[in-house]
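Topology and contacts: notes
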Amino acid sequence: MKLKDEKPLRAENLRLHNKNLVLSLLYSRRSAGISQSELVEKTGLKAPTIYRIFTSLIEENLIEPVETSFPVMDVTKRGRKPMNFCVRRDARYSIAVDFWSANLSIGVFNFWGERIHSSIQNLAHDTTADEIVFLISSVIKNTIAELHIASAAIIGVGVAAPGLVDLASEQIVYYPRIQGMRNYPIVEKLKNLLNLPVILHNNCSALALGEFRYGGFETQNSMFTFLFRTGVNGSFIDNGRIFINSKRQTLEIGHLPVCKNGPKCACGRKGCLQACISALCPDETVSFMFENVDPDSDSGRKILKAAAEYMAVVIRTIEKIFAPSSFLIVACNDRIAGMLSEEIGKILDKPDTFGNDSPVIFHAAYDPLFAQKGISDQILINYFAR
């Protein structure tokens, strides 16, 4: 039964959906490829439909036969082995942007998801929101010119931005460390400058997706990532997808209250996780929290232990809400991240009355290349979901 306000699926939308379904399955196989007969089995589409889709994809130069897939006789079936096809490496490209108050990184990925270019540059502390947008536009234009990539081959630009991100309005709601970044329509501005499709997400979420998929952690099916840079944020990856709230906004874990009468936060409230941890290492000249903390000194260990106590409160809360299979702590370097995760593990070592076991906690040094990969994958997720 069709709901009252449900719109019927138009024929052209159905054709596009089926085409993208086939293309996404071809993409998932990379160089191994997949045959038309196997796609019939996997998709439930009829063979003539698959044939028409393959014809269209070949005409658009999106797919090609797998080089090692030669049609050979199958003596058991009196026929030829089906030929596998794969997406062409250079058929399409995605451009990944990750920025925050300290630096900007840009990566270019081919249709196999391979990074073919990456650049990182520092930002001046007084760089404004508009200046960052013009810089992003300039770097992207120069990069695609140097790589000789046609605009028509670019399926999207993905922006992994700091602060609270609203996916519905495609705006950065607020990021206090960059002047002018409040209710900032970054997608609209970049679309006008680049004349390319642009998507937006939070950079902690992009990093979390990249670490979940490519970090080499045994995450099972979910992982909650904490990122310590100038502030603290977190993102939940469940079954390979980024969690967003009912308002289609990203999470702001740094503003969870952990201390009733704690220090005042930039958000205007007191006792937020970010404010409490920032108060432990108040050196505002550094780009990363704990960057000047000596983990081998008594004072350094005291700071990390105090930070771990705040983190333990938040992790127990997150366990009750999301029940992630694991947690990841990302900090300025692997030593700091490792000591934080170790101290958190000590505090949470004993199961509570609900029978929750000690959480699995991984750690890693911050690497913007994982954020690039995460937002690039998000471009593909959106592209195949059309």
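Now for a look at the structure at hand.

Rules and cut-offs
- Residues numbered from 1 in each chain as written.
- Predicted model: local features only at pLDDT ≥ 70, side-chain atom pairs only at ≥ 80, totals over all residues.
- Heavy atoms only, no water.
- Helix = DSSP H or I, 4+ residues; strand = E, 2+ residues; numbered from the N terminus.
- Rg over C-alpha atoms; globule rule 2.2 N^0.38 Å.
- Buried < 20%, exposed > 50% of the residue type's maximum accessible area, 1.4 Å probe, protein only.
- Contact = heavy atoms within 4.5 Å.
- Pairing = 2+ DSSP bridges.
- Axes fitted to C-alpha atoms, helices over the stretch in contact; angles between N-to-C directions.
- Salt bridge = Lys/Arg side-chain N within 4 Å of Asp/Glu carboxyl O.
- Phe/Tyr/Trp six-rings, centres within 6.5 Å; stacked < 30°, edge-to-face > 60°.
- Lys NZ or Arg CZ within 6 Å of the ring centre and 35° of its normal.
- Core = buried A, V, L, I, M, F, W, Y, C linked by side-chain atoms within 4.5 Å.
- Parallel < 35°, antiparallel > 145°, perpendicular 65-115°, else oblique.
- Nonpolar A, V, L, I, M, F, W, Y, C, P; charged D, E, K, R; others polar.
- Expected span 1.5 Å × (residues − 1).
- 1 Å grid on protein atoms, 1.4 Å probe; cavity = no way out; pocket = protein on both sides within 12 Å on 5 of 7 lines; lining within 4 Å.
- Points joined across faces, edges and corners; volume = space filled by probe spheres on them.

Observations regarding the overall build of the protein chain
If you tally the helices and strands in the protein chain, you get 10 helices and 17 strands. Relative to the globule expectation of 21 Å for 386 residues, the C-alpha radius of gyration of the protein chain, 24 Å, shows essentially globular dimensions. With the C-alpha coordinates aligned to their principal axes, the bounding extent of the protein chain is approximately 75 × 50 × 50 Å. Each of the 386 residues in the protein chain was classed as buried or not, and the buried ones make up 50%. In the protein chain, the share of contacts with a sequence separation of at least 24, taken over all contacts with a separation of at least 6, comes to 64%.

Examining the sheet that holds strand β9 (residues 164–166)
Overall, antiparallel pairing links the three strands, which are arranged β9-β10-β11 in an open sheet. Lying at the two open borders of the sheet, with one neighbouring strand each, are β9 and β11 (182–184). The average angle at which neighbouring strand axes cross in this sheet is 20°, direction not considered. Note: strand β10 (residues 171–174) against β11, two bridges, orientation antiparallel. Among the inter-strand pairings, Y174 is bridged to a residue of β11, identified as R182.

Quick notes on the pattern of salt bridges
Counted according to the given criterion, the structure contains 13 salt bridges. The shortest N-O distance in the salt bridge between E114 and R89 comes to 2.8 Å. Here R89 lies in the loop between β4 (85–87) and β5 (93–99) and E114 lies in the loop between β6 (103–109) and β7 (115–122), a separation of 25 residues in the sequence. Among the residues examined, E114 registers a relative accessible area of 30% and is labelled partly exposed. By sharing partners, the salt bridges in this structure join E64, R88 and D90 into a single network.

Some words on the packing of aromatic side chains
The tally for this structure, following the rule as stated, stands at 19 aromatic pairs. Residues W100 and Y366 carry aromatic rings whose centres are separated by 6.2 Å and whose planes lie at 75° to one another, so their mutual orientation is edge-to-face. Here the residue W100 occupies a position in the loop between β5 and β6, and Y366 occupies one in the loop between β17 (361–365) and α10 (368–384), the gap between them amounting to 266 residues. Since its relative accessible area comes to 13%, Y366 is described here as buried. Measuring from ring centre to ring centre gives 4.8 Å for F236 and F322, while their planes differ by 35°; the resulting arrangement is tilted. Remark: F322 occurs in helix α8 (residues 298–322) and F236 occurs in strand β14 (residues 232–238); sequence separation between them is 86 residues. Residue F236 shares its accessibility class with F322, and that shared class is buried. By the ring-pair criterion, three or more aromatic residues cluster together here, those being F224, F226, F236, F243, F322 and F327. Here the basic side chain of R30 rests over the ring of Y27, its NZ or CZ set 3.9 Å away from the ring centre. Taking the ring centre of Y174 as reference, the NZ or CZ of R182 above it sits at 4.0 Å.

Points about the nonpolar core
As a rule of thumb, soluble globular proteins bury nonpolar side chains together. In terms of nonpolar packing, the biggest core is built from 90 residues, with F99, V159, I186, F226, F228 and F290 touching the most fellow members. Counting residues per element, this core draws most heavily on α8, which supplies 10 residues. With near-sequence residues (within four places) excluded, V159 lies in contact with V97, F99, I186, L190, V198, I199, L200, H201 and I375. Grouped together as the second largest cluster of nonpolar side chains are 31 residues, I63, F109, I155 and F384 included.

Let's talk about the packing of helix α7 (residues 273–280) against α8
For the pair α7 and α8, the least separation of the axes is 9 Å and the interaxial angle reads 175°. Judged by the angle between their axes, α7 and α8 are roughly antiparallel. For the pair α7 and α8, contact is made by L273, C276, I277 and L280 and by I303, A306, A307, Y310, M311 and V314, respectively. The class makeup of the residues in the contact of α7 with α8 is 10 nonpolar, no polar and no charged.

Quick word on the packing of helix α6 (residues 203–214) against α10
Taken N-terminus to C-terminus, the directions of α6 and α10 make an angle of 90°; their axes are 7 Å apart at the nearest point. In terms of orientation, α6 and α10 fall into the roughly perpendicular class. Only F370, A371, K373, G374, I375, D377, Q378 and I381 of α10 make contact with α6, whose side of the interface consists of N203, A206, L207, L209, G210, E211, R213 and Y214. Within the contact of α6 with α10, the residues separate by chemical class into eight nonpolar, four polar and four charged.

Side note on helix α4 (residues 129–146)
Taking 1.5 Å per residue, 18 residues should reach 26 Å; α4 reaches 26 Å between its end C-alpha atoms and fits that length. Packing partners of the buried residues in α4 comprise β5, β6, β7, β8 (154–161), β11 and α5 (186–194). Within two residues after α4, H148 carries a phi angle of roughly 55°, on the positive side.

Some points on the layout of surface pockets
Roughly 620 Å³ of internal volume is contained in the second largest pocket. Along the walls of the second largest pocket sit 29 residues, with G163, L164, E252, H255 and Q274 positioned nearest its centre. If you list the elements that add at least two residues to the lining of the second largest pocket, you get α6 and β14. Class assignment of the residues belonging to the lining of the second largest pocket gives a composition of 13 nonpolar, 11 polar and five charged.

Remarks on the environment of G234
By the element assignment, G234 lies in strand β14. Distance in space between the C-alpha atoms of G234 and I329 is 9.4 Å, their sequence separation being 95 residues. Beyond its immediate stretch of four places on either side in the chain, G234 contacts C204, F224, T225, F226, L251 and I253.

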